[in-house]
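Fold and geometry: a report
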Amino acid sequence: MTTSTETSGTDLVTEALRTGTLAGLPEGHFINGGFVRPAHNRRMESFDPGRGEAFAEFAAGTAEDVDDAVASARHAFETVWRDTLPVERGRILMRASRLIQDNLERLAVAETLDSGKPIAEARGDVRGAARTFEYYAGACDKLEGESFPLGPDYLAYSIHEPVGVTAHIIPWNFPISTAARGFAPALAAGCAIVAKPAEQTPFTALMLAEILSQAGLPDGVCNVVTGTGAEAGAPLTRHPGIDHITFTGSVATGRQVMKAAADDITRVVLELGGKSPVVVLKDCDLDQAIAGVLGAIYENAGQICSAGSRLIIERPIQDEFLAALAARAKALSLGHGLRGPDVGPVNSAAQLDKIAGFVARARQQGAEILAGGKATTDPETGKGWFYEPTIVARLSPRDEIVQEEVFGPVLAVQSAEDADHALALANDSQYGLVAGVYTSDLGTAHRLARRIDAGQVFINEYFAGGIEVPFGGNKKSGFGREKGLEGLKSYCKTKSVAARIT
Ligand code: ADP
């Protein structure tokens, strides 16, 4: 990969805007330390959502490619990686972190072309990926076991062993972040990897695998097979050579992955959908809450599992809050991600239709649209798959748009009489991924944090936290935790050893 620094970034952005693509994107799968052609030599197109046009091709993988990748991972795991000194694993991850930073612009431009997200958000994701590798680099040689007190006749202790060959099924909304969040702890624990990025966004996972190789990762430890969920993803999750699956995606696909894993009793971590509430109470700092609610739903055009897609607002401040929020939503600029808009396109034509369908049905059922409510295009080119930042109000708790994940820039508003009512509304969901609480009352904030059924609660700053903080869902949002030291444990098996010594 050609190295670009942050300063040459504007050139890459200008060039990508001019040509509609990025030169030198990876071709083929990444297997056993290099790019290889797919077994059937078939290719697929990747689309730039900001234009609604194909901009590059990639390999359409099948079960044969998955077999090769798993065999390569198994060999590398058993012959090299599980016995590589922890300190050496840490050094490789640290070098990878630096290389990600060195390639920041190139990765960010690839991510924006592939996913549509504004370039500033893509840069943030790439920085986050670098930080993820830095964090887990430091953890490699600190995976300590324990000893257990059985008295003078015994010695008992535990060690953390790598689970083995891990599969990573990656979604299209945060391609490099999700890849990094799975790859770094898996590698830190001593596991090998076979990843399958989403067919909408295949490139940054391939680029990351190449960077890891440049950082000194032995051949075969990290492999990436591209292609569709049916042709490449399903054979990977069914593969008997896989010891653990980390899946991030929809509930429907998560269910299939869990069923596939059941055959071989393969371990799974599932990070699925959400319909996360943002509770805004009357004593909040209004400006802070408005900014928080906007970011929670319009970042990445709302295509975030943990988006704050339900606003639960205490009635006394409702009118004032919604008027200000709607004005801010209407003022957000839309455009091609490379031009640095506030909000970019949604990822695909199919996604756009899905979002439009949700809003149309809500409208038919009498909901009030306070902002947005229409599909649109890039104002500069008349192209692309865009949906206006939208606020839907006058809803009841059972309405589809309150209960179902839209995965778009659509905020559903619910009114609460007081904090307890807000709590009841917040928990009235099949999902339990994250939640936000805005209040200046510390006691109320922590009481709600304790009682909201979610894997993570943000107080007075939505998305507060970092790689240090465990993340994952309750209820239909999945199970298992990623990030933090808890995320590292997902890639370890505890072995206890007990010995009679007298
Ligand atoms: P969406 O419906 O929004 O595309 P998915 O949950 O289907 O989200 O996709 C998330 C990831 O799961 C993608 O990488 C996709 O290719 C993959 N995938 C889809 N179907 C399957 C399957 N049956 N088995 C394994 N992976 C799959």
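Here the structure is a predicted model, which is why all the values come from computation and not from measurement.

About the cut-offs
- Residues numbered from 1 in each chain as written.
- Predicted model: local features only at pLDDT ≥ 70, side-chain atom pairs only at ≥ 80, totals over all residues.
- Heavy atoms only, no water.
- Pairing = 2+ DSSP bridges.
- Helix = DSSP H or I, 4+ residues; strand = E, 2+ residues; numbered from the N terminus.
- Axes fitted to C-alpha atoms, helices over the stretch in contact; angles between N-to-C directions.
- Salt bridge = Lys/Arg side-chain N within 4 Å of Asp/Glu carboxyl O.
- Buried < 20%, exposed > 50% of the residue type's maximum accessible area, 1.4 Å probe, protein only.
- Near = heavy atom within 4 Å.
- Polar contact = N/O pair within 3.5 Å; in protein donor to acceptor, adjacent residues only side chain to side chain.
- Areas by Shrake-Rupley, 256 points an atom, 1.4 Å probe, with all protein chains shown as cover.
- Nonpolar A, V, L, I, M, F, W, Y, C, P; charged D, E, K, R; others polar.
- Contact = heavy atoms within 4.5 Å.
- Right-handed = clockwise from strand over helix to strand, strands pointing away.
- Parallel < 35°, antiparallel > 145°, perpendicular 65-115°, else oblique.
- Lys, Arg positive; Asp, Glu negative; His and termini not counted.
- Domains from an automatic or database assignment.
- Phe/Tyr/Trp six-rings, centres within 6.5 Å; stacked < 30°, edge-to-face > 60°.
- Lys NZ or Arg CZ within 6 Å of the ring centre and 35° of its normal.
- Left-handed = near helix turned anticlockwise from the far one by under 90°.

Within the open sheet, the 7 strands sit side by side as 14-17-18-13-12-20-21. Their pairing is mixed. Of all strands in the sheet, those with a lone pairing partner are strand 14 (368-371) and strand 21 (456-459), marking the two edges. Mean inter-strand twist for the sheet, computed between neighbouring axes without regard to direction, equals 25°. Pairing between strand 12 (residues 276-280) and strand 20 (residues 434-438): 3 bridges, direction parallel. Bridge assignment links Val279 to a residue of strand 20, and that residue is Val437.

Under the definition given, this model contains 28 salt bridges. Between Asp48 and Arg51 there is a salt bridge, and its shortest N-O distance comes to 3.0 Å. A relative accessible area of 17% places Arg51 in the buried class. Its salt-bridge partner being Arg339, residue Asp378 comes within 3.0 Å of it at the nearest N-O pair. On the criterion of sequence distance, the pair formed by Asp378 in the loop between strand 15 (375-376) and strand 16 (386-387) and Arg339 in the loop between helix 11 (318-331) and helix 12 (349-364) is long-range, its members being 39 residues apart. Judged by relative accessible area, which is 2%, Asp378 ranks as buried.

Turning our attention to the site of the ligand. The environment of the ligand is made up of 19 residues, and the closest members are Ile170, Lys196, Glu199, Ser250 and Thr253. Ala234 is positioned with one of its backbone polar atoms (N or O) 3.5 Å from a nitrogen atom of the ligand. Between the ligand and Gln256 there is a distance of 3.0 Å, counted from a nitrogen atom to a side-chain nitrogen or oxygen. In isolation the ligand exposes 550 Å². Once the protein is present, 79% of that is buried. At 4 residues, helix 8 (residues 229-238) tops the list of elements feeding residues into the shell around the ligand. Of the residues assigned to the shell around the ligand, the class counts are 8 nonpolar, 9 polar and 2 charged.

To continue, consider the environment of Leu488. Relative to the helices and strands, Leu488 is located in helix 16 (residues 484-489). Residue Leu488 is classed as buried on the basis of its relative accessible area, which comes to 2%. The residues touching Leu488, leaving out its near neighbours within four places in the chain, are Tyr136, Ala139, Leu143, Pro185, Ala188 and Ala189.

Looking now at the pairing of strand 10 (residues 244-248). With 5 of 5 residues buried, strand 10 is to be regarded as a mostly interior element. By the bridge criterion, 4 bridges tie strand 7 (residues 165-169) to strand 10 in an arrangement that is parallel. Paired with Thr166 across the strands is His244, a residue of strand 10. For the crossover from strand 10 across helix 9 (residues 251-263) to strand 11 (residues 267-271), the handedness is right-handed.

With that settled, the discussion passes to the packing of helix 4 (residues 104-115) against helix 7 (residues 203-214). Closest axis-to-axis distance for the helix 4/helix 7 pair is 9 Å, and the angle between their directions is 160°. When the axes of helix 4 and helix 7 are compared, the pair comes out roughly antiparallel. When helix 4 is examined against helix 7, the residues Arg106, Leu107, Ala110, Glu111 and Asp114 are found in contact with a partner set consisting of Phe203, Thr204, Met207 and Ile211. Split by residue class, the contact of helix 4 with helix 7 holds 5 nonpolar, 1 polar and 3 charged.

With that settled, the discussion passes to the side chain of Arg89. For Arg89, the position within the fold is in helix 3 (residues 86-102). Buried and without a salt bridge, Arg89 has Asp83 as its closest oppositely charged side chain, separated by 7.1 Å. At 3.1 Å, the side chain of Arg89 and the backbone oxygen of Ala188 are in polar contact. The contacts of Arg89, once residues within four sequence positions are left out, are Trp81, Arg82, Thr84, Cys140, Leu187, Ala188, Ala189 and Gly190.

Moving on, we come to the domain arrangement of the protein chain. Along its sequence, the protein chain is carved into domain 1 (9-272 + 480-495) and domain 2 (277-466). Taken over C-alpha atoms, the centre of domain 1 sits 30 Å from the centre of domain 2. The interface is formed by 31 residues belonging to domain 1 together with 28 residues belonging to domain 2. Where domain 1 touches domain 2, the interface holds 1 salt bridge. A salt bridge links Glu53 to Lys383; the shortest N-O distance between them is 2.9 Å. For the interface between domain 1 and domain 2, the tally reads 8 residue pairs in polar contact (both at pLDDT 80 or more). Looking at side-chain class alone, the side of domain 1 that touches domain 2 contains 13 nonpolar, 9 polar and 9 charged residues.

Time to look at the sheet that holds strand 5 (residues 147-148). Sheet architecture is open: 3 strands sit in the order 5-6-24, paired in antiparallel fashion. In the strand order of this sheet, the two ends are held by strand 5 and strand 24 (492-500), each with one partner. Strand direction decides the pairing type here: strand 6 (residues 154-162) and strand 24, joined by 9 bridges, are antiparallel. Its bridge partner being in strand 24, Ser158 is matched across the sheet by Ser496.

With that settled, consider the packing of aromatic side chains. Here a ring pair, both rings aromatic, is described through the centre-centre distance and the interplanar angle of the planes. Here the structure, examined in full by the defined rule, presents 9 aromatic pairs. Relative to Phe35, the ring of Phe30 lies with its centre 5.0 Å away and its plane at 80°, an arrangement referred to as edge-to-face. According to the relative accessible area criterion, Phe35 is partly exposed, its value standing at 32%. Seen in terms of ring centroids, Phe458 and Phe463 are 6.1 Å apart; in terms of plane orientation they differ by 65°. Their pairing is edge-to-face. For Phe458, a relative accessible area of 5% corresponds to the buried category. By relative accessible area, Phe463 is classed as partly exposed at 25%. Among the aromatic residues, those joined into a ring-pair cluster are Phe55, Phe58 and Phe203. Over the ring of Phe174 we find Lys117; its NZ or CZ atom is 3.8 Å from the centre of that ring.

In a pair of packed helices, the angle between the axes and the distance between the axes together describe the arrangement. Orientation of helix 3 relative to helix 5 (residues 119-137), taken along the N-to-C sense of each, is 165°, at an axis distance of 8 Å. Overall, the two elements helix 3 and helix 5 adopt an arrangement that is roughly antiparallel. Crossing of helix 3 over helix 5 shows left-handed handedness. Where helix 3 abuts helix 5, its residues Gly90, Leu93, Met94, Ala96, Ser97, Ile100 and Gln101 lie against Val126, Arg127, Ala129, Ala130, Phe133, Glu134, Tyr136 and Ala137.

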